[in-house]
Amino acid sequence: MRLSARVDYALRAAAELAAAGAGPTTVGELAKEQDMPPKYLENILLQMRRAGLVRGQRGPEGGYVLARPAAEISLADVIRAVDGPLANVRGERPEHVGYRGPAESLQQVWIALRATERAILEEVTLDHVATGALPESVRSLAADPAAWD
């Protein structure tokens, strides 16, 4: 699985907003806290705002806040907001890709991969990440030494 810098930054910024609670956090504060380029982060936050994940607050006390409680925003929500579908093959959904001959069963592999990604990324919320209280299923998978290879 490959995650773009855009997704990485979006998830880290969202975790910071989840930890901040109800008070707004500026782009500068988020960028400094997570060592990210502020201009790039600003574009990411605009995408997240368009997707209804964050709200911008103007004025001297302005910044960004989560639009919903952190426990209601999954990692999959954030990824889809900034990067589109969770799994695609050459820019297409796996069910729209066709193969012939010996490669025909690859489509089922891509669909299974997407289902596994979904199972984890839709279960884990920003609240889980911000508090470090990851679901048992995720902790169990990460505890397996083979997962780190």
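Everything numeric here is computed off the predicted structure, so don't read it as measured data. (Residues numbered from 1 in each chain as written. Predicted model: local features only at pLDDT ≥ 70, side-chain atom pairs only at ≥ 80, totals over all residues. Heavy atoms only, no water.)

## Here's the deal with the layout of surface pockets
Moving on, step 1. Of the pockets and cavities examined, the largest pocket occupies roughly 360 Å³.
Moving on, step 2. Around the largest pocket sit 15 residues that line it, and Arg2, Leu86, Ala87, Asn88 and Glu117 are the ones nearest its centre.
Moving on, step 3. Elements with a contribution of two residues or more to the lining of the largest pocket: α4 (75-83) and α5 (106-123).
Moving on, step 4. The dominant element in the lining of the largest pocket, judged by the number of residues it contributes, is α5, at four residues.
Moving on, step 5. For the lining of the largest pocket, the per-class residue count stands at eleven nonpolar, one polar and three charged.
Moving on, step 6. A volume near 240 Å³ is recorded for the second largest pocket.
Moving on, step 7. Of the residues contributing to the lining of the second largest pocket, the split by class is eight nonpolar, no polar and no charged. (1 Å grid on protein atoms, 1.4 Å probe; cavity = no way out; pocket = protein on both sides within 12 Å on 5 of 7 lines; lining within 4 Å. Points joined across faces, edges and corners; volume = space filled by probe spheres on them. Helix = DSSP H or I, 4+ residues; strand = E, 2+ residues; numbered from the N terminus. Nonpolar A, V, L, I, M, F, W, Y, C, P; charged D, E, K, R; others polar.)

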